[in-house]
Amino acid sequence: MTPLNKHQSYFAAIGHRFSGVLLSLFLPVHFLLLGTALEGEANFDRYLAFADNPLVKFAEWGLVILLSLHLFFGLRVLMLEFTSWPATKHLGKGENPMIRRWSSWVIPSVIASAFIGVIFLVQSF
Amino acid sequence: MPTNNSNSEQTAKQEMLEVRVWRGQGQGQLKPYQVPLRKNQTVLDVITEIQRLQAPDLSYRFSCRVGVCGSCAMTVNGKPRWTCRTHVSKVADEGVLTIEPLRNLPKIKDLVCDLAPFIDTWQKAGAVFKPTGTRYDAPAKVDPDSACRRAADASLQCINCAVCYSACDVVNWNKDYVGPAALNRAWTLLNDVRHDERAATLDKVFEDGGCGSCHSHGNCTRHCPIELSPSASIAGLKRTLFTGLPGK
Ligand code: HEM
Ligand code: SF4
Ligand code: SF4
Ligand code: FES
């Protein structure tokens, strides 16, 4: 069978799940490290040294991107589900305006997340 | 439409349409056919022409030919559509048409698939009308301007064609998901003051495989040939978590 033509909202849903699952895996690690850093001065210094490692910064950058993508894609779902839909039945106007509006949210979300990622990198180096 | 040059069809060399049709029982493959390109030809016309003149054993379904019965839905160049209301000129991709059965349903033979799992989802979603009155009671009075009547009105007129069911990625991933059409129907029933089992319908809607499985991709709404918005109905169902049963 020919696969269904993918729409932007499909990629948004996949990106939302992907980022959500990765966040659930890595945020706990992030909080665990933050938590241990608060247990005494020596630990805190060790944490600061650890956080200076470029690899760790890279990982944090990943978390920022994931969180930002997940936030924008989550807002998209919430807007679709909690704001009111125009009645379009039988108007023959083609794609539903609500679907069109929140599909066109997808690419700007990705651009905005990339932008936030750049700001994070600039701030941390 | 290009302006009609009445002689061109007869005199010039007949232009042909390349048609690839899914053939087989269960397992199958696309088989190529050639059909004369005609003016105002629908995809259903093309299939009928193949069946009458080239492949008498080709199985497909249709009934009304005018977008009323919902039995002619198939996958045309990758998208689920009513073949009777789809003009070839709108969907042919450089003179090529690919016609397959609907997705997400068991294939029986050629373009015919088994709709039973789709019909079953309506029961599973609680989308079954139980009247408050009997035939001996006076017809219920429903205020046409009430919020409920308007909500129901927006989602009525579904003809069970399974186009949306076939377009939904979540149905494809999760065999327990009841899908957009059944949930859309459940939403009209929740907004129907004559429905006696609104609470039971609401319970069923939130069971596993119910409205919570929808991720609001909106592919159902994109493909519904009547431009209903199952996505809007499903959003309405999800909001009842906060609002309870829709008011009268
Ligand atoms: C930043 C604010 C956040 C917002 C606005 C948000 C919003 C949402 C929404 C609306 C959904 C439902 C998606 C759907 O029905 O398709 C969702 C799913 C999910 N979220 Fe979040 N979320 C946020 C933060 C997080 C965080 C911090 C995590 C991880 C710890 C997370 C993990 C997940 C997961 C795993 C899913 C399931 C994804 C799926 O089923 O496709 N979210 N989120
Ligand atoms: S909005 Fe829900 S029901 Fe419609 S295609 Fe998307 S997941 Fe399926
Ligand atoms: S909601 Fe639209 S696409 Fe879905 S079964 Fe009804 S008429 Fe067909
Ligand atoms: S044949 Fe009835 S809807 Fe197409």
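Residues numbered from 1 in each chain as written. Chains lettered and ligands numbered in written order. Predicted model: local features only at pLDDT ≥ 70, side-chain atom pairs only at ≥ 80, totals over all residues. Heavy atoms only, no water.

**Some points on the site of ligand 2**
Residue and element names in this part refer to chain B. As a reminder, the rule being used: We call a residue near a given molecule or strand whenever any one of its heavy atoms falls within 4 Å of it. Numbering of helices and strands runs from the N terminus, with a helix taken as a DSSP run of H or I at least four residues long and a strand as a DSSP run of E at least two residues long. Following the grouping adopted for this structure description, the nonpolar residues are Ala, Val, Leu, Ile, Met, Phe, Trp, Tyr, Cys and Pro, the charged ones are Asp, Glu, Lys and Arg, and the polar ones are all others, Gly among them.
In the neighbourhood of ligand 2, 13 residues make up the surrounding shell, with C168, Y177, C214, H217 and C220 lying closest. Of all elements in the fold, only helix 10 (219-223) and helix 11 (230-243) reach the threshold of two or more residues within the shell around ligand 2. Residues belonging to the shell around ligand 2 are distributed by class as follows: 7 nonpolar, 6 polar and no charged.

**Here's the deal with the state of the cysteines**
Which entries qualify depends on this criterion: Cysteine sulfur atoms are paired as a disulfide whenever they come within 2.5 Å of each other.
For the structure shown, the criterion picks out 0 disulfides over all chains. Here C211 of chain B stays free of any disulfide, with the sulfur of C214 of chain B as its closest cysteine sulfur at 8.0 Å.

**Description of the nonpolar core**
Residues and elements named next belong to chain B. Stated formally: Residues grouped as a nonpolar core are buried Ala, Val, Leu, Ile, Met, Phe, Trp, Tyr and Cys residues, joined through side-chain atoms within 4.5 Å. When accessible area is computed with a 1.4 Å probe and restricted to protein chains, residues below 20% of their type maximum are described as buried, those above 50% as exposed, and intermediate ones as partly exposed. Domain start and stop positions are those given by an automatic or database domain assignment. Pairs of residues are marked as contacts when any of their non-hydrogen atoms sit within 4.5 Å.
Formed by 59 residues in total, the largest nonpolar core has its most connected members in V19, I50, L97, L111 and L183. The element best represented in this core is helix 8 (residues 180-190), accounting for 6 residues. Here this core spans two domains, and each of domain 1 (13-113) and domain 2 (116-243) adds at least three residues to it. Residues within four places of L183 in sequence aside, it is in contact with A125, Y177, V178, V205, G210, C211, I234 and L237.

**With respect to a nonpolar patch on the surface**
What counts is decided by this rule: Only residues whose relative accessible area exceeds 30% and that take part in no salt bridge are eligible for patches, with like-charged residues grouped when within 9 Å of each other and nonpolar side chains (Val, Leu, Ile, Met, Phe, Trp, Tyr) grouped when within 5 Å. Computed by Shrake-Rupley with a 1.4 Å probe, the accessible areas treat only the displayed protein chains as cover when residues are assessed. Salt bridge, as applied in this entry: a Lys or Arg side-chain nitrogen positioned within 4 Å of an Asp or Glu carboxyl oxygen.
On the surface, L71, L75, L78 and F82 of chain A together with F206, L241 and F242 of chain B cluster together to form a nonpolar patch covering roughly 710 Å² of accessible area. Those elements that place two or more of their residues in the nonpolar patch are helix 3 (54-82) of chain A together with helix 11 of chain B. The biggest single contributor to the nonpolar patch is helix 3 of chain A, with 4 residues. Summarising the element assignment, L241 of chain B is placed in helix 11.

**Let's talk about the site of ligand 3**
Neighbouring ligand 3 are the residues C158, I159, N160, C161, A162, V163, C164, A181, C224, P225 and I226 of chain B. Considered class by class, the residues forming the shell around ligand 3 number 10 nonpolar, 1 polar and no charged.

**Some words on the coordination of the iron atom of ligand 1**
The condition is simple: The donor set comprises N, O and S atoms within 2.8 Å of the metal, extended to 3.2 Å for Na, K and Ca; water molecules are omitted, so apparent gaps in a site may simply reflect that omission.
One donor from the polypeptide reaches the iron atom of ligand 1: H70 of chain A (NE2), at 2.0 Å. Assignment of secondary structure puts H70 of chain A in helix 3.

**With respect to the side chain of E49 of chain B**
All names here are of chain B. The following threshold applies: N or O atoms closer than or at 3.5 Å make up a polar contact, with two conditions inside protein: a donor-capable atom paired with an acceptor-capable one, and, for residues adjacent in sequence, both atoms drawn from side chains.
Here E49 lies in helix 2 (residues 43-53). Overall, E49 belongs to the buried group, its relative accessible area being 14%. At a separation of 2.7 Å, a polar atom in the side chain of E49 contacts the side chain of R38. With residues near it in sequence (within four places) discarded, E49 still touches V35, P36, R38, Q41 and Q54.

**A closer look at the interface of chain B and chain A**
Operational definition: Buried area counts how much accessible surface, traced with a 1.4 Å probe, disappears from two parts once they are put together, with both parts' losses summed.
Taken together, the contacts link 36 residues of chain B with 30 residues of chain A. Counting the surface lost from both chain B and chain A, the interface buries some 2600 Å², and carbon and sulfur atoms represent 54% of this. Where chain B meets chain A, there are 2 salt bridges. When the shortest N-O distance is used, the salt bridge between K6 of chain A and D169 of chain B registers 3.8 Å. Between chain B and chain A we count 9 residue pairs in polar contact (both at pLDDT 80 or more) in total. If you list the elements that add at least two residues to the side of chain B that touches chain A, you get strand 4 (79-82), strand 5 (96-100), helix 5 (147-155), helix 7 (169-173), helix 10 and helix 11 of chain B. A total of 6 residues in the side of chain B that touches chain A trace back to one element, the largest contributor, which is helix 11 of chain B.

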